[in-house]
Amino acid sequence: MGSITRTTQEELRTNGYSLVPAGQFVLAPELQPLVKDLADEWERLEGDQYLMNGARFRERRYDRFYFLPRTGEIRLRPHRPYYQSPVANDYAGGIQREVAPLSSATLANPLLTRLMRDDFAHFPLAEDDARLDEPWDVQCHQFRIISSSGEIGEPTPEGPHRDEVDYGVIHLMGRANTQGGESQVYTPHKDLVTEFTLAEQMDTMFWSDEQILHAVRPTRAEDGNRPATRDVLIMGYKHSPELQRIEQI
């Protein structure tokens, strides 16, 4: 286990979050060219149909996976609407949101499943933790936030929130002509702890969803004559032992 992984595990235990800059996020040499291939898929997202007042600042795709940590097994689960409770999301919670699935090219990119496994290794679970032998539901989201001279981008219009998972990971996949968009960490009582900017491709934030709330400041275009984009890949991991029974039916 590398020192970055150990540091991330300790920071998650202690602080509930950990930031790994792109220069310290280790990828196998054969995977590095695949980052661009995966990032190119953000050009093929679909508009979010659940933004208020006709807003158009967010595009997305989403799917869920069955993941067994001990063996590394990953299986795509049947696509279904995305749901958050009104408690977690008072902007669009309580709605079964129809979201476009991940593209075939995204699903075929080996980087996606490698990230799913490697990200999990950063979570503070001991080697003898029984949860390693039980399934986890992994929510995989692609988001593009768009801002222009006529509309700011709102990565988290719901404000400080939880994703109702156990752990989460945000990978920055691209950022162009954008100012703002600072990632924020809050206490459960919504006191701001810290904020930082994911600026370079593969800058990564890990968080423990039960320990902290998180949010992102609005984005604006540096040059109002051109659209601004902020692209992220978000993985949400929820321990779901009931999937063992469901998957066998």
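Everything that follows concerns the structure shown earlier in this document.
Calculation rules
- Residues numbered from 1 in each chain as written.
- Predicted model: local features only at pLDDT ≥ 70, side-chain atom pairs only at ≥ 80, totals over all residues.
- Heavy atoms only, no water.
- Buried < 20%, exposed > 50% of the residue type's maximum accessible area, 1.4 Å probe, protein only.
- Helix = DSSP H or I, 4+ residues; strand = E, 2+ residues; numbered from the N terminus.
- Arc of directions from axis to C-beta.
- Polar contact = N/O pair within 3.5 Å; in protein donor to acceptor, adjacent residues only side chain to side chain.
- Pairing = 2+ DSSP bridges.
- Core = buried A, V, L, I, M, F, W, Y, C linked by side-chain atoms within 4.5 Å.
- Salt bridge = Lys/Arg side-chain N within 4 Å of Asp/Glu carboxyl O.
- Expected span 1.5 Å × (residues − 1).
- Phe/Tyr/Trp six-rings, centres within 6.5 Å; stacked < 30°, edge-to-face > 60°.

**Q** Help me understand helix α4 (residues 110-120), please; the structure alone is not making it clear to me.
**A** For an α-helix, 3.6 residues make a turn, and residues three or four places apart therefore share a direction. Residues of α4 that are buried: Leu111, Leu112, Leu115, Met116, Asp119 and Phe120. Taken around the axis of α4, the buried residues stretch over an arc of 160°, which confines them to a single face. The residue sitting at the N-terminus of α4 and contributing the capping side-chain oxygen is Asn109; that oxygen lies 2.9 Å from the backbone nitrogen of Leu111.

**Q** Even after reading the chapter, I still don't get the pairing of strand β3 (residues 58-68), so can you show me in this structure?
**A** Consecutive side chains of a regular strand alternate in pointing toward one face of the sheet and then the other. With 10 of its 11 residues buried, β3 lies for the most part within the structure. In this sheet, β3 lies alongside strand β2 (residues 46-47) in antiparallel orientation, the contact comprising two bridges. Residue pairing across strands places Gly47 opposite Glu59, the latter belonging to β3. Two elements, β3 and strand β5 (residues 136-147), share 10 bridges in a ladder whose sense is antiparallel. If you follow Tyr62 over to β5, its bridge partner there is His141. Pairing of β3 with strand β4 (residues 73-76), which is carried by four bridges, proceeds in the antiparallel orientation. Within β4, the residue paired with Phe67 across the bridge is Ile74. The hairpin formed by β3 and β4 contains four residues between the paired strands, and Gly72 there has a positive phi angle of roughly 80°.

**Q** So what exactly am I meant to see when it comes to the pairing of strand β11 (residues 213-216) here?
**A** The alternating pattern of β11 places Leu213 and Ala215 on one face and His214 and Val216 on the opposite face, and all of these are buried. As paired strands, strand β8 (residues 183-186) and β11 are joined by four bridges and run antiparallel to one another. Bridge pairing links Gln184 to Ala215 in β11.

**Q** What's the story with the nonpolar core in this structure? I'm lost.
**A** Soluble, globular proteins show a tendency: their nonpolar side chains are buried together. Core analysis: the largest hydrophobic core is formed by 34 residues, its most contacted members being Phe123, Leu233, Met235 and Tyr237. When contributions to this core are tallied by element, the ones reaching two or more residues are α2 (32-40), β3, α4, β5, β6 (167-176) and β13 (228-239). For this core, the element with the highest residue contribution is α4, accounting for five residues. In this structure, Leu172, Phe196, Trp207 and Ile212 belong to the second largest nonpolar core, which totals 12 residues.

**Q** Where do I start with the pattern of salt bridges in this structure?
**A** Note that side chains of opposite charge can pair when their charged atoms are close. Applying the stated criterion to the full structure yields 16 salt bridges. The salt bridge partner of Glu10 is Arg13, with a shortest N-O separation of 3.3 Å. In this pair, Glu10 and Arg13 are both assigned in helix α1 (residues 3-15), three residues apart and thus about one turn of the helix distant. Judged by its relative accessible area of 45%, Arg13 is partly exposed. With a shortest N-O distance of 2.0 Å, Arg75 and Glu73 are connected by a salt bridge. Overall, Arg75 belongs to the partly exposed group, its relative accessible area being 31%. Judged by its relative accessible area of 29%, Glu73 is partly exposed. Each of Glu43, Arg144 and Asp231 takes part in one network of salt bridges that share partners.

**Q** Got a minute to help me understand α1 in this structure?
**A** For α1, built from 13 residues, the straight-helix expectation of 18 Å at 1.5 Å per residue is met to within 8% by its first-to-last C-alpha distance of 17 Å. Directly after α1, the chain includes Gly16, whose backbone phi takes a positive value near 85°.

**Q** What's the story with the packing of aromatic side chains in this structure? I'm lost.
**A** Each aromatic ring pair is summarised here by two numbers: the centre-to-centre distance and the angle between the ring planes. With the rule as written, the count across this model stands at nine aromatic pairs. Ring geometry for Phe67 versus Tyr237: centroids 6.5 Å apart, planes at 70°, classification edge-to-face. On the criterion of sequence distance, the pair formed by Phe67 in strand β3 and Tyr237 in strand β13 is long-range, its members being 170 residues apart. Like Phe67, the residue Tyr237 is buried in the burial classification. Taking the centre distance of 4.6 Å and the plane angle of 15° together, the rings of Phe123 and Tyr167 count as stacked. One end of the pair, Phe123, is in the loop between α4 and β5; the other, Tyr167, is in strand β6, with 44 residues separating them in the sequence. Of the residues examined, Phe123 reaches a relative accessible area of 1% and is grouped as buried. What makes Tyr167 buried here is its relative accessible area of 9%.

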